[in-house]
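Residue-level structural notes
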Amino acid sequence: MRQAAMWTQPDLVGWLEKRGGKFTSWKRRFFILQGSYLFYFENDSKVQTTQPIGVVPLDASRLDMGDEVAGPSRKYAFSIHLGSHYVGIAKRDTYILAAPSGQSLQEWEQKLKVGAESQESLFD
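Report on the accompanying structure.

The rules behind the values
Residues numbered from 1 in each chain as written. Predicted model: local features only at pLDDT ≥ 70, side-chain atom pairs only at ≥ 80, totals over all residues. Heavy atoms only, no water. Helix = DSSP H or I, 4+ residues; strand = E, 2+ residues; numbered from the N terminus. Buried < 20%, exposed > 50% of the residue type's maximum accessible area, 1.4 Å probe, protein only. Phe/Tyr/Trp six-rings, centres within 6.5 Å; stacked < 30°, edge-to-face > 60°. Lys NZ or Arg CZ within 6 Å of the ring centre and 35° of its normal. Salt bridge = Lys/Arg side-chain N within 4 Å of Asp/Glu carboxyl O.

**Brief notes about unusual backbone geometry**
Not every positive phi belongs to a glycine, and Ala60 is a case in point at roughly 65°. Locating Ala60 in the fold gives a position in the loop between strand S4 (54–57) and strand S5 (62–65). In this structure Ala60 comes out as partly exposed when scored by relative accessible area, which is 46%.

The structure is reproduced here in structure tokens:
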């Protein structure tokens, strides 16, 4: 199976900012939500030709919304706290992201909540 075939029918795609873990600078990344996995890439032109920079497993994760997530610097920020079975396995336990608008934030929130409740596997 071609790598890009994994996300040929995504639930949602778009640009978000992601705060770094060790270095807390913000980077604009292209995200693809497919079932209970959130893939991210350096940019949208690399989706068909490269592996994602990272994958956030959403099953059993918790979503936090609100101004306190990233402070006043990012108005439409939210965080994804991974399910306990991923602690110590994933790159980090919490991902902090920011949408470009309130409308975009609502769309991501709705779809990510569905992904967090899903037990779907990309490889079935």
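**Topic: the packing of aromatic side chains**
When we look at a pair of aromatic rings, we describe it by the centre distance and by the angle of the planes. Enumeration over the complete set of coordinates arrives at three aromatic pairs. Aromatic side chains Trp15 and Phe30 sit 5.3 Å apart centroid to centroid with 70° between the ring planes, which places their arrangement in the edge-to-face category. Taken together, the positions of Trp15 in strand S1 (residues 12–19) and Phe30 in strand S2 (residues 26–34) put the pair 15 residues apart, joining distant regions of the chain. The positively charged end of Arg28 is found above the aromatic ring belonging to Trp15, 4.0 Å away from the centroid.

**Some remarks on the pattern of salt bridges**
Taken as a whole, this structure holds three salt bridges when the rule is applied. A salt bridge links Asp64 to Arg62; the shortest N-O distance between them is 3.0 Å. Looking at Asp64, the relative accessible area reads 25%, which means it is partly exposed. In this structure, Glu109 engages Lys113 in a salt bridge whose closest nitrogen and oxygen atoms are separated by 3.1 Å. With Glu109 and Lys113 both in helix H1 (residues 102–117) and four residues apart, this pair spans about one turn of that helix.

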